[in-house]
Amino acid sequence: MTTAKRLSNKTLGELPPAITRPAYDRSLIAPGIVHLGIGAFHRAHQAVYTDTVLGSGDLRWGIVGASLRSAETRDALAPQDGLYTVAARNGEGEQLRVVGSSSGLVVAPEDPQALLTAMTRPEVKLVSLTVTEKGYCHAPASGTLDETHPDIRHDLAAPGSPHSAIGFVVEAIARRRAAGLAPFTLLSCDNLPANGRTLKNVAIRFAELRDPDLSRYVADEISCPSTMVDRIVPATTDPDRAAIAERLGLADTWPVMTEPFSQWVIEDDFSAGRPEWEEAGAIFVKDVDAYELMKLRLLNGSHSTLAYLGYLAGHETVAETMAAPGFSELIKKLMDEEVSPTLPPLPGIDLTAYKADLLSRFRNSALRHRTWQIAMDGSQKLPQRLLNTIRDRLGAGAPFSRLALGVAAWMRYACGTDEKGRQIDVRDPLAAAMRSRTQGMDTASELSGALLQLEQVFGIDLPANPEFRASVEMALGRLLRSGAAATVQHFRSS
Ligand code: CS2
């Protein structure tokens, strides 16, 4: 790549005409939103909806973006005045859009006070989060705060300079209250069931451990709408950067790659006002739960199943996995026969079309969405993606063998060695616990028995259920004996 000139406010005018760019004066936007976790997903989703709102003339909603861990996003975006490209790709082509909704970048570990100051500005009406499942510091099976989590312990001991998202949120709420400022709305945009309620419960408990009065304030005064968010956003690669620079005629070191599809369903419960995200296609409803269940169980449940089985069968991306024999039939049956019957009806949603769209989104080979990327943090994802669905199936006395296969594939993956005996780089907050529990074991019954003891993941009901144990053990036995490719063939037709 030879393009030296960088995307920035100064060079915006040099973009080729086909590239969409901010249609508003960026110097006039007020920072009405603080967002925690400015990863690729946020930048391809909420930041784009907000860019549209700013473009419609309502300039109150600039986003101050905070990284809670590394400085790399700030380091890449600061020289670009927060501008970056969103590339929406499928087999038919690629649409580029330069997004301008960023109105500041903070790296929390470098300067926690700067983030708290941003969160306590009077014009801030909204604090939103994409901190991934593990960022909530909760036990995924129960949704309750993990009071033994090192960041939570730290933040209770030193509330004025927090590490965790929850610590920042509660400290900012306390400071605003002390200063007599109106509270902000807290908006979770992570793939958790009832994400608003989950966030609120965790924040209430954390506040209670600090001060019961603060906890009552959080309970009574803070709105936490739930949301369903959806857009597939794989990690950006160097070849992606080079291709984008070629099309922009400018260097952008931090573009995001995504699909044309995007969906956002939001519970309309904002105490301090909100952007009119409906201008960009968001849907505001009274109750998001049914949308969330549909998305978490159909999209994310299928995604995780594809990721573990696909990785084990030697496939690098979701699209490659979908093209391999048996996988798309397996996923179709999983969705139609085992997941759909657990979903409450949703007026206005054509489930058959929704599922057909999912299969074609998974087949989008213009996106190189790595199975390894989706396989990350499985211990935090399994409950809402597969296990709660299995609970419903068990309750209805209905079969769930393909869901059990997804769980078994996670177990096979979590053991840390692939089918050729090579080590797997298992990224998971429970990786060490999983490794030590399964060390030296090689039978399906030993391995599943050991992993089922992870109460944060499986609770106490599932491990005690003989039908569940038997199904998982059976699928794991087959994976160990025959490998993932042959097991998929077996389960797609069984
Ligand atoms: C994926 C999700 O990485 C994962 O676990 O399943 O990030 C998925 O791509 C999004 O939820 C799609 O909306």
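Okay, so let's go over this structure. These numbers come from a predicted model, not from an experiment.

This part takes up the overall build of the protein. Summing up its helical and strand segments, the protein has 21 helices and 13 strands in all. Since a compact globule built from 494 residues should have a radius of gyration of about 23 Å, the 23 Å found for the protein is in line with a globular shape. Counting only C-alpha atoms, the protein reaches 60 × 55 × 45 Å along its principal axes. For the protein, the proportion of its 494 residues judged to be buried stands at 57%. For the protein, long-range pairs separated by at least 24 residues make up 78% of all intrachain contacts whose partners lie at least 6 apart in sequence. Taking the average location of the 52 positive side-chain charges in the protein and that of its 59 negative ones, the two points are 3 Å from each other.

Turning to the environment of Val229, a few remarks are in order. Topologically, Val229 is positioned in strand β10 (residues 227-230). Placed 66 residues apart in sequence, Val229 and His163 show a C-alpha to C-alpha distance of 25 Å. Not counting residues up to four positions away in its chain, the partners in contact with Val229 are Phe41, His45, Gln46, Cys189, Asn191, Gln263, Trp264 and Lys295.

Time to look at the sheet that holds strand β2 (residues 63-67). By definition, the strands of a sheet pair up through backbone hydrogen bonds, in either a parallel or an antiparallel sense. The parallel open sheet is built from five strands, whose spatial order is β5-β2-β1-β6-β9. The open sheet is flanked by β5 (102-107) and β9 (185-188), the only strands paired with a single partner. Averaged over neighbouring strand pairs, the angle between their axes works out to 20 degrees when direction is ignored. Direction of pairing for strand β1 (residues 33-36) relative to strand β6 (residues 126-129): parallel, over a ladder of four bridges. What sits directly across from His35, in β6, is Ser128.

On to the sheet that holds strand β12 (residues 263-267), then. Spatially, three strands are ordered β10-β12-β13 in an open sheet, and the strand pairing comes out mixed. Both edges of this open sheet fall to β10 and β13 (283-285), since each of them pairs with a single strand only. The sheet shows a mean angle of 15 degrees between the axes of neighbouring strands, direction not considered. As judged from the three bridges shared by β12 and β13, these two strands associate in the parallel manner. The residue bridging Ile266 from the neighbouring strand is Phe284, located in β13. Sitting on the sheet, helix α10 (residues 289-312) touches β10, β12 and β13, and the angle it makes with β10 is about 35 degrees.

Criteria and thresholds
Residues numbered from 1 in each chain as written. Predicted model: local features only at pLDDT ≥ 70, side-chain atom pairs only at ≥ 80, totals over all residues. Heavy atoms only, no water. Helix = DSSP H or I, 4+ residues; strand = E, 2+ residues; numbered from the N terminus. Rg over C-alpha atoms; globule rule 2.2 N^0.38 Å. Buried < 20%, exposed > 50% of the residue type's maximum accessible area, 1.4 Å probe, protein only. Contact = heavy atoms within 4.5 Å. Lys, Arg positive; Asp, Glu negative; His and termini not counted. Charge placed at Lys NZ, Arg CZ, Asp CG, Glu CD. Pairing = 2+ DSSP bridges. Axes fitted to C-alpha atoms, helices over the stretch in contact; angles between N-to-C directions.

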